[in-house]
Amino acid sequence: MKFKSVFITLLVLVSLMTTIATAQKGEKLPPIKYQEIMLKNGLRVIMHVDKSTPIVAVNLWYHVGSKNEVPGRTGFAHLFEHMMFQGSKHYDNDYFTPLQEAGASLNGSTNADRTNYWEVVPSNFLETALWLESDRMGYLPDAMTMDKLNNQRDVVKNEKRQNYDNRPYGLVSAKIAELMYPKEHPYHWLTIGSLDDLTAASMDDVKGFFRQYYVPNNASLVIAGDFDPKEAEALVKKYFEPLPRGANITRPNPPMPKLDKEIRYPMEEAVQLPRLYMVWQTVPQYTPDEAALDMLGSILSSGRGSRLQSNLVYGKQIAQDIFGGNGSREIAGGFQIVSTAKSGKSTGEIEKEILVEIEKIRNAPPSAAEMERALNQIESSSIYSLQTVGGFGGKSDQLNAYATFVGKPDYFQADLDRYRKVTAADIQRVANIYLTDKRLVLTVTPRPKDKMQSVEMDASNKPTSVAEKKEKKGKPDAVKVDQNDSLYKQPQPKANPTFALPTIEKSKLANGLEIWLVKQTEIPIVTMNMVFKTGTTSEPINLTGLGNITSSLLDDGTKTRSAVEIANEVQSIGAQLFTTAGDDSSSVRMLTLTRNFDKALNIYSDVIQNAEFPEAEVETYRKRQFGALLQRRDNADAIANLVYNKVLYGDAHPYGVSLSEKSLKAIKRDDLKNYHAAFYHPNNAVLIVVGNTEMKTLKPKIESAFGNWKAGEISQTTLPDAPKRDKAMIYLVDKPGAAQSVISIGQIGVSRSSPDYFPLQVMNTLLGGGFTSRINMNLREDKGYTYGARSGFAFRRGAGPFAATAGVQTAVTKESVIEFLKEIKGVRGTIPVTQQELEYNKQSLIRRFPASFETVDQIASQLGSIVTYDLPDSYYNDYISRVNAVTLEDVNRVANKYLTPENMAIVVVGDRKTIEPGLKQIESLGSSIIYLDAEGDPIK
């Protein structure tokens, strides 16, 4: 059957309601209009215009995931997510290359039910994004080769090692899927699939999967942002309409499985603390009980005042953490409660208390206040997500999700109405129906040290293809294009769009508190970001962690509010409150709906000015942090970061130390009070407000809230000189049985005030700052050693570190170190930077710039940097010209001045027994290795 191309203009009132005090009434947002096209080949196209920022999102969903696979052929959907970035018939090159030059952000993801791809590009590059998406939809198999397939199989294996094998408790999810679903059910396996299945797959198998599912009639395309709908319609028809319709697809829809008894399953892992998982089968998504189950999860475990947190974490203090919630998918669902036991406590104790709380809610419905908090969190989160047009969870992604799973892109209102209709009796009812004794109880206990296994260097741990390939340096090779077919030539972008930076209004209170306001009216929300010009470098060296603990406990009790009251009040208005401390500044941020601004400001000002640090809260926090320090030993990335900083800076420099058991024991309540009294003053802060408000109404409110806050004398901190290195050295931390080696290579860099800041940014962008950088293209795309490799400078008030990092296959640890050093030496001149490569990376930085001002929190964060580093008000106005001014001579100069491989530290965290022999063979580093423990201290 042939379908005519139908253009449907829908003036749809896609309305999201703001928070309310009851579940029956609410205020609506202005209508969000969209247009829809149905092409004759079955491709559904949805367009939504949002001209607030000169960017446009292209979001493409394929209705295929791991549930469309069969046993023996698992992991194909996820593998194709990777293969789709490897080039197609008319663009046989890396997909990231033209888009990163355009300043785009892009990604893809796969789950059991769908695979999605998205790009957020400057609006003048919309045609480029559509051209690329259409070509890989229609012509991916034409450019598929065994080299590409083998390379991406290696990348997927690295992804599994990084996200599952080398992560604490990382193997649990696969076991839960295996136990909760029978072998024939498509949720029995994880999306990443079986590596054996992927290794055994033939090219015909892979191409066959693509041709079955990657077809227009199994896809939905959303375009959202700053574009002309008529032009976009013409482009979509030009590039997508020639693609043939695929065969009709039969989707698996087995009955929802049901457990007929309790399953108890014990596991051992290389972790410090036991963990409990309790899992029940529930319902598929968008079915009647899903909303009530979601709200049940919130009532049980979301926030300090939730039932499980109040009892297990803060009351009886037997749990390090606890999380619970419902996870519904297209054909099945599950409710899960996960809790890590505190040191010395058991999963049995935790399970007993969880069952007590479940029985309570089975016997009596939740209170009106609990219902209000749960509903308001859901509603406000939905509104906050409307700030972005692209990316995961942005408007384009939501439109596609509703189109794919419900058939209605405008399901926003109906979706929220499901939650508004949930009653307390519904919560009690679903608890009784689903949270029964027919469940999985899985426990993870620490594996005894004598059971730790080293990684064997067999074929499964080696890359599929390790032969040397042609080096891809400079700008990637020219695109292979059929010059006889003008339809498939890469389109040229229009002129760059104009971008007006937001206007900053400034004012000041008598006590010295500065107020900066940026007015944004698109969505009725406001963010407040109080930036204090003092960070953790002001801590006494013997009280490391004091600044972070002070920040963390600001909202754990004031003179008039308890920690629970603060948490519940914030949730009751659907707000979000964050307290953070960095090296150079500390901040308190609160995001709220405009209609709740006055209530939010009352809580916000109280937390900042009147924090009391109650003794009981300090001790509870201390105990939890002792547990966190134990858990840090499980995480190879955390170990590598801690050890790397200590190696570079030593114990006497603030950048070289981190929270330890010794400093945690030493910090007392009086220390917190004194730190707060010393640095949390109005004349040491700037309040940045971004959102739907005006200075004439804002300032009186700020005056009322903060006017009596007393100014104080602020002591200035002088950083000690950082130690200098005079040779390169390998530092090895043994992590027996580690599935990967985590590598950090580098040295001390420069401060944020360096005049070489912009040349260094450009130089690092091409070295290791993005997907198409030299380091990543070598170690991931060329060699297949890693899931991703990057480099970067941490710019601080003092000289922060430069680091090149990656988690790599254990079997190629030595080779990875060699390749890292080769690329660092290369950017210094052995592999010269070309003018073409320089311009490519400069344009990438320039064109992505507007996208960093899309949301209220992004704007507040950007202004926070101006406060922290005393940048001129014109900084962002001058940004593009400063990047443009960087020359090839600048890049060569800073690479040679600030990157000295002969003095670099090489920290490796991995299985010593397996990797040590190879590391000793690296000739340029000699055979000497310094052995450190997980705290960075020498092993005697």
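Whatever comes next refers back to the structure up there.
> Just to check I follow, could you spell out the overall build of the protein chain for this structure?
Within the protein chain, the regular secondary structure consists of 31 helices and 24 strands. The C-alpha atoms of the protein chain give 28 Å as radius of gyration, which agrees with the globular expectation for 940 residues (30 Å, within 12%). Dimensions of the protein chain, computed from C-alpha atoms along their principal axes, come out at roughly 75 × 70 × 65 Å. Within the protein chain, contacts between residues at least 6 apart in sequence are counted, and of these 82% link residues at least 24 apart. Here the protein chain contributes 111 positively and 110 negatively charged side chains, and the mean placements of these two sets differ by 1 Å.

> Explanation requested: the sheet that holds strand S8 (residues 263-269) in the structure shown.
Think of a sheet as strands paired side by side through backbone hydrogen bonds, with each pair either parallel or antiparallel. With mixed pairing, the five strands of this open sheet are ordered in space as S8-S12-S9-S11-S10. In the strand order of this sheet, the two ends are held by S8 and strand S10 (319-328), each with one partner. When strand polarity is set aside, the average angle formed by the axes of neighbouring strands in this sheet is 15 degrees. In terms of strand pairing, S8 meets strand S12 (residues 440-446) through seven bridges, oriented parallel. Counted as the bridge partner of Met 267 is Val 444 from S12. Where helix H10 (residues 307-315) meets the sheet, it contacts S10 and strand S11 (333-341), and its direction lies at approximately 155 degrees from that of S10.

> Whenever I open this one, helix H19 (residues 615-632) confuses me. Can you help?
An α-helical turn contains 3.6 residues, so any two residues separated by three or four positions project in the same direction. In this model, H19 (18 residues) spans 25 Å end to end at C-alpha, consistent with the 26 Å of a helix rising 1.5 Å per residue. Listed in full, the buried residues belonging to H19 are Glu 617, Val 618, Thr 620, Tyr 621, Arg 622, Gln 625, Gly 627, Leu 629, Leu 630, Gln 631 and Arg 632.

> Got a minute to help me understand the packing of H10 against helix H11 (residues 347-363) in this structure?
Packed helices, taken two at a time, are described by their axes: the angle between them and the distance between them. At a minimum axis distance of 10 Å, the contact between H10 and H11 shows a crossing angle of 150 degrees. With respect to H11, the element H10 is oriented roughly antiparallel. In the crossing of H10 with H11, the sense of the turn from one axis to the other is right-handed. Along its contact with H10, which presents Arg 307, Leu 308, Asn 311 and Leu 312, the element H11 presents Ile 350, Glu 353, Ile 354, Glu 357, Lys 360 and Ile 361. Residues belonging to the contact of H10 with H11 are distributed by class as follows: five nonpolar, one polar and four charged.

> Honestly, the sheet that holds strand S16 (residues 576-581) in this entry has me stumped. Any pointers?
Read across the open sheet, the six strands follow the order S13-S14-S18-S15-S17-S16; overall the sheet is mixed. In this open sheet, the two strands that pair with only one neighbour each are strand S13 (505-508) and S16. Within the sheet, the average angular offset between the axes of one strand and its neighbour, ignoring direction, is 15 degrees. One ladder, built from four bridges, connects S13 with strand S14 (residues 514-519); its direction is antiparallel. In the sheet register, Ser 507 faces S14, and the bridge partner there is Ile 515.

> Explain the nonpolar core here, please?
Inside soluble globular proteins, nonpolar side chains tend to come together where they are buried. Counting 88 residues, the largest nonpolar core has Ile 688, Ile 745, Met 763, Val 817, Phe 820, Leu 899 and Leu 919 as its most contacted members. At seven residues, the largest contribution of residues to this core is made by helix H24 (residues 757-768). Not counting chain neighbours up to four residues away, the residues in contact with Ile 688 comprise Trp 516, Thr 527, Met 528, Asn 529, Val 531, Ala 860, Leu 863, Gly 864 and Val 867. Membership of the second largest hydrophobic core comes to 60 residues, among which are Leu 106, Phe 125, Phe 209 and Ala 232.

> Whenever I open this one, the packing of aromatic side chains confuses me. Can you help?
The geometry of two aromatic rings is summed up by the distance between their centres and the angle between their planes. Applying the stated criterion across every chain, the model contains 42 aromatic pairs. Look at Trp 118 and Phe 392: their rings are 5.4 Å apart centre to centre, the planes differ by 90 degrees, and that puts the pair in the edge-to-face class. Placement of the pair is Trp 118 in strand S6 (residues 115-122) and Phe 392 in the loop between helix H12 (368-384) and helix H13 (395-405), with a sequence separation of 274 residues. For Trp 118, a relative accessible area of 9% corresponds to the buried category. For Phe 392, a relative accessible area of 46% gives the class partly exposed. Grouped by ring-pair contacts, the aromatic residues Tyr 62, Phe 76, Phe 80, Phe 85, Tyr 95, Phe 96, Tyr 117, Phe 209, Phe 210, Tyr 213, Tyr 214 and Phe 771 constitute a single cluster.

Parameters at a glance
- Residues numbered from 1 in each chain as written.
- Predicted model: local features only at pLDDT ≥ 70, side-chain atom pairs only at ≥ 80, totals over all residues.
- Heavy atoms only, no water.
- Helix = DSSP H or I, 4+ residues; strand = E, 2+ residues; numbered from the N terminus.
- Rg over C-alpha atoms; globule rule 2.2 N^0.38 Å.
- Contact = heavy atoms within 4.5 Å.
- Lys, Arg positive; Asp, Glu negative; His and termini not counted.
- Charge placed at Lys NZ, Arg CZ, Asp CG, Glu CD.
- Pairing = 2+ DSSP bridges.
- Axes fitted to C-alpha atoms, helices over the stretch in contact; angles between N-to-C directions.
- Expected span 1.5 Å × (residues − 1).
- Buried < 20%, exposed > 50% of the residue type's maximum accessible area, 1.4 Å probe, protein only.
- Parallel < 35°, antiparallel > 145°, perpendicular 65-115°, else oblique.
- Left-handed = near helix turned anticlockwise from the far one by under 90°.
- Nonpolar A, V, L, I, M, F, W, Y, C, P; charged D, E, K, R; others polar.
- Core = buried A, V, L, I, M, F, W, Y, C linked by side-chain atoms within 4.5 Å.
- Phe/Tyr/Trp six-rings, centres within 6.5 Å; stacked < 30°, edge-to-face > 60°.

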